[in-house]
Amino acid sequence: MTAHSNIYPTKALQELDAAHHWHPFSDMKSLNQEGSRVITHADGIWLTDSEGNRILDGMAGLWCVQVGHGRKEIADAVYKQMNELSYYNTFFKTTHPPAIALSEKLAKLAPDHINRVFYCSSGSEANDTVFRMVRTYWDKMGKPDKKVIIGRWNGYHGSTLAGTSLGGMKGMHQQGDLPVPGVHHIDQPYWFGEGHEMSPEEFGVFAARKLEEAIDELGEDKVAAFIAEPIQGAGGVIIPPETYWPEIRRILDERDILFVSDEVICGFGRLGEWFGSTHYGMKPDLMPIAKGLTSGYLPMGGVMVSDRVTEGLMMSGEEFYHGYTYSGHPACAAAALANLEIIERESLVDRVKTDIGPYLKERWLKLADHPLIGEARMAGLVGALELVPDKKNPHRPFKDVGTAGTICRDISFGNGMVMRAVRDSLIISPPLVLTHEEADILVKTAEKTLDETYQVLKRDGWIG
């Protein structure tokens with residue numbers, strides 16, 4: 001037994017995990033043969049595994065630990081709340097102080113036209129809620145034919161039934177006969193992978209007008225909403241060209257269609273604004289939130305609702321038959337309030353915009369000079385590196401897409417840093433409390449990882 005495992009040595013923990021634990025998004029047969037990585041401690045941006053290895057958390061958990069790990073004030077707030085009221089539901093004409101206080105705080109942080117929040121426990125649940133809200137809204141407005149929701153290929157909106165359907169991950173659609181009827185997908189604004197025959201500016205407009213074409217094809221009287229992440233996270237940190245969102249805004253302004261900005265990843269400072277839609281000058285009707293809301297300390301999500309949708313839904317005088325056992329859970333709300341107080345007190349949103357974001361971006365983009373990299377990109381504190389077999393022909397992918405990315409990801413873990421692989425790109429989303437010194441370590445480790453990956457790929461014939 002090591003000093004860093006709570007009860008059992010690593011081998012015993014892996015055996016128990018393999019016997020009883022089904023991991024999300026995992027090939028359990030191969031994972032159980034390999035053995036899970038066991039994380040036992042965390043502090044700031046650093047993780048510690050059961051073998052005592054220190055690992056830089058380049059993904060902020062799963063895009064969510066904005067304020068870093070081990071913030072005692074959040075744990076204290078939860079402890080205090082659980083000693084007062086550990087749980088009560090918000091059904092049946094009932095509420096409690098933490099839900100009230102958090103709702104007020106979120107309304108102050110949101111754009112002026114958004115003043116209410118509907119709570120759930122995750123981003124996936126938030127987008128299931130969006131699905132029902134959008135359709136019910138148009139029913140209440142006397143337009144029951146407006147049912148189709150337009151999403152984007154390679155967008156991600158969760159893994160629940162509606163969330164998977166709204167997202168554009170084709171591999172997910174193959175399991176469970178999805179998407180459900182009434183969801184339509186358009187192309188993503190992925191210039192490096194799909195639009196490089198045009199300039200980024202031309203492609204941004206071209207990709208945006210796919211929405212206009214879809215609306216014309218389906219009929220505006222049939223289209224209820226357009227849902228999109230400001231930056232596609234799980235799709236590989238797809239940062240749209242600067243011309244994309246202004247053209248989307250024009251299209252939506254000319255039509256009676258709701259806009260849903262999925263803020264599950266981009267919200268709460270990730271792009272240097274409280275919400276990603278603000279970064280791009282958009283005015284959403286609905287904003288699914290989660291992740292950074294509590295920095296992942298407890299599970300909580302929600303949907304921020306505009307005054308327009310509130311007026312159509314809430315003020316109809318009829319019940320909205322939707323909700324969750326843990327909607328507005330008091331301990332989760334206490335965690336969220338403590339987390340938001342830290343973000344405000346330490347000016348983390350502005351810090352991403354004016355300090356650590358530009359600092360890391362300058363160094364991250366220099367990795368584009370590496371012989372393995374076709375493109376380096378970053379916005380706020382989220383970035384990606386595109387791995388390519390031939391730098392002289394950077395838009396030609398590896399023959400077996402995903403293999404090089406997986407090799408690089410595993411080497412990164414071995415070097416003591418979490419980077420996530422999406423196809424053959426490596427992505428990062430570190431905690432907002434990342435220091436300049438830690439940013440230097442992150443970039444240095446990434447460069448070391450690329451050097452080692454390049455040698456492995458060259459040895460194995462992936463690179464000429």
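None of the values given here were measured: they were computed from a predicted structure.

Q: What is the right way to read the domain arrangement of the protein chain from this model?
A: Accessible area lost on assembly of the parts is the figure often given for the size of an interface. Domain parsing of the protein chain yields domain 1 (37-70 + 355-460) and domain 2 (73-346). Relative to domain 2, the C-alpha centre of domain 1 lies at a distance of 27 Å. Every contact between the two is made by 33 residues of domain 1 and, on the other side, 29 residues of domain 2. Carbon and sulfur atoms make up 61% of the area that domain 1 and domain 2 hide from each other, which totals about 2,300 Å². It is Trp 63, Val 67 and His 395 in domain 1 that bury the most area against domain 2; as a group they hold 28% of the surface buried on that side. Applying the counting rule to domain 1 against domain 2 returns 17 residue pairs in polar contact (both at pLDDT 80 or more). Where the side of domain 1 that touches domain 2 is concerned, the elements lending two or more residues are helix 3 (60-63), strand 11 (373-379), strand 12 (382-387), strand 13 (420-422) and strand 14 (425-428). The greatest single-element share of the side of domain 1 that touches domain 2, amounting to five residues, is contributed by strand 11.

Q: Is there a simple way to explain the sheet that holds strand 2 (residues 46-49) in this structure?
A: Across the sheet, three strands lie side by side as 1-2-3; this open sheet has antiparallel pairing. Each edge of the open sheet is held by one strand with a lone partner, namely strand 1 (39-43) and strand 3 (54-56). Strand-to-strand twist in this sheet, taken as the mean axis angle between neighbours without regard to direction, amounts to 30°. Two strands pair when backbone bridges link them, and strand 2 and strand 3 are joined in this way by three bridges, in the antiparallel orientation. Pairing of Leu 47 across the sheet is with Ile 55, part of strand 3.

Q: Would you take a moment to explain helix 17 (residues 403-414) for this structure?
A: Within an α-helix, residues lying three or four positions from one another point in the same direction, as the helix has 3.6 residues per turn. In a regular helix each residue adds 1.5 Å, so 12 residues correspond to 16 Å; helix 17 covers 17 Å between its end C-alpha atoms and thus fits that length. Of the residues making up helix 17, those classed as buried are Ala 404, Gly 405, Cys 408, Ile 411, Ser 412 and Phe 413. Directly after helix 17, the chain includes Gly 416, whose backbone phi takes a positive value near 90°.

Q: So what exactly am I meant to see when it comes to the pairing of strand 8 (residues 258-261) here?
A: Across a regular strand the side chains alternate sides, sitting on one face of the sheet and then on the other. Residues of strand 8 alternate between two faces, with Leu 258 and Val 260 on one and Phe 259 and Ser 261 on the opposite face, all of them buried. Summarising the sheet, strand 7 (residues 223-228) and strand 8 pair through four bridges and their orientation is parallel. Across the sheet, residue Ile 227 finds its bridge partner in strand 8, namely Val 260.

Q: Looking at this model, I keep getting lost on the state of the cysteines. Mind explaining?
A: Working definition of a disulfide: a covalent bond connecting the sulfur atoms of two cysteines. The final tally for this structure, using the stated rule, is zero disulfides. Of the cysteine sulfurs around Cys 120, a residue in no disulfide, the closest is that of Cys 332, at 11 Å.

Q: Just checking my understanding: could you explain the packing of helix 10 (residues 200-218) against helix 11 (residues 244-253) for this structure?
A: Helix-helix packing is described using two parameters, namely the angle between the two axes and the distance between the axes. Running from N to C, helix 10 and helix 11 cross one another at 20°; their axes reach a closest spacing of 7 Å. Taken together, helix 10 and helix 11 sit at an angle that is classed as roughly parallel. In the crossing of helix 10 with helix 11, the sense of the turn from one axis to the other is right-handed. Taking contact as the criterion, the partners of Gly 204, Val 205, Ala 207, Ala 208, Arg 209, Leu 211, Glu 212 and Ile 215 in helix 10 are, on helix 11, Tyr 244, Glu 247, Ile 248, Arg 250, Ile 251 and Leu 252. When its residues are assigned to classes, the contact of helix 10 with helix 11 shows nine nonpolar, one polar and four charged.

Q: Can you help me understand the packing of aromatic side chains in this one?
A: Both the distance between ring centres and the angle between the ring planes are used here to describe each pair of aromatic rings. Inspection of every chain in the model, using the stated rule, returns 13 aromatic pairs. Measuring from centroid to centroid gives 5.9 Å for Tyr 87 and Tyr 326, while their planes differ by 70°, and the two rings are edge-to-face. Taken as a pair, Tyr 87 in the loop between helix 4 (72-84) and helix 5 (97-109) and Tyr 326 in the loop between helix 13 (307-313) and helix 14 (330-345) lie far apart in primary sequence, 239 residues in all. A relative accessible area of 30% means that Tyr 87 is categorised as partly exposed. Consider the rings of Phe 268 and Trp 274, whose centres lie 6.5 Å apart with planes at 85°: the pair is edge-to-face. Take Phe 268: its relative accessible area is 0%, and that puts it in the buried class. With relative accessibility at 18%, the residue Trp 274 sits in the buried group. Among the aromatic residues, those joined into a cluster by ring pairs are Phe 226, Tyr 244, Trp 245, Phe 259 and Tyr 280. We note Arg 37 situated over the ring of Phe 413; from NZ or CZ to the ring centre the distance is 3.5 Å. The lysine or arginine in question, Arg 54, covers the ring of Trp 46, its NZ or CZ lying 4.1 Å from the ring centre.

Cut-offs applied
Residues numbered from 1 in each chain as written. Predicted model: local features only at pLDDT ≥ 70, side-chain atom pairs only at ≥ 80, totals over all residues. Heavy atoms only, no water. Domains from an automatic or database assignment. Contact = heavy atoms within 4.5 Å. Buried area = accessible area lost by both parts, 1.4 Å probe. Polar contact = N/O pair within 3.5 Å; in protein donor to acceptor, adjacent residues only side chain to side chain. Helix = DSSP H or I, 4+ residues; strand = E, 2+ residues; numbered from the N terminus. Pairing = 2+ DSSP bridges. Axes fitted to C-alpha atoms, helices over the stretch in contact; angles between N-to-C directions. Expected span 1.5 Å × (residues − 1). Buried < 20%, exposed > 50% of the residue type's maximum accessible area, 1.4 Å probe, protein only. Disulfide = S-S within 2.5 Å. Parallel < 35°, antiparallel > 145°, perpendicular 65-115°, else oblique. Left-handed = near helix turned anticlockwise from the far one by under 90°. Nonpolar A, V, L, I, M, F, W, Y, C, P; charged D, E, K, R; others polar. Phe/Tyr/Trp six-rings, centres within 6.5 Å; stacked < 30°, edge-to-face > 60°. Lys NZ or Arg CZ within 6 Å of the ring centre and 35° of its normal.

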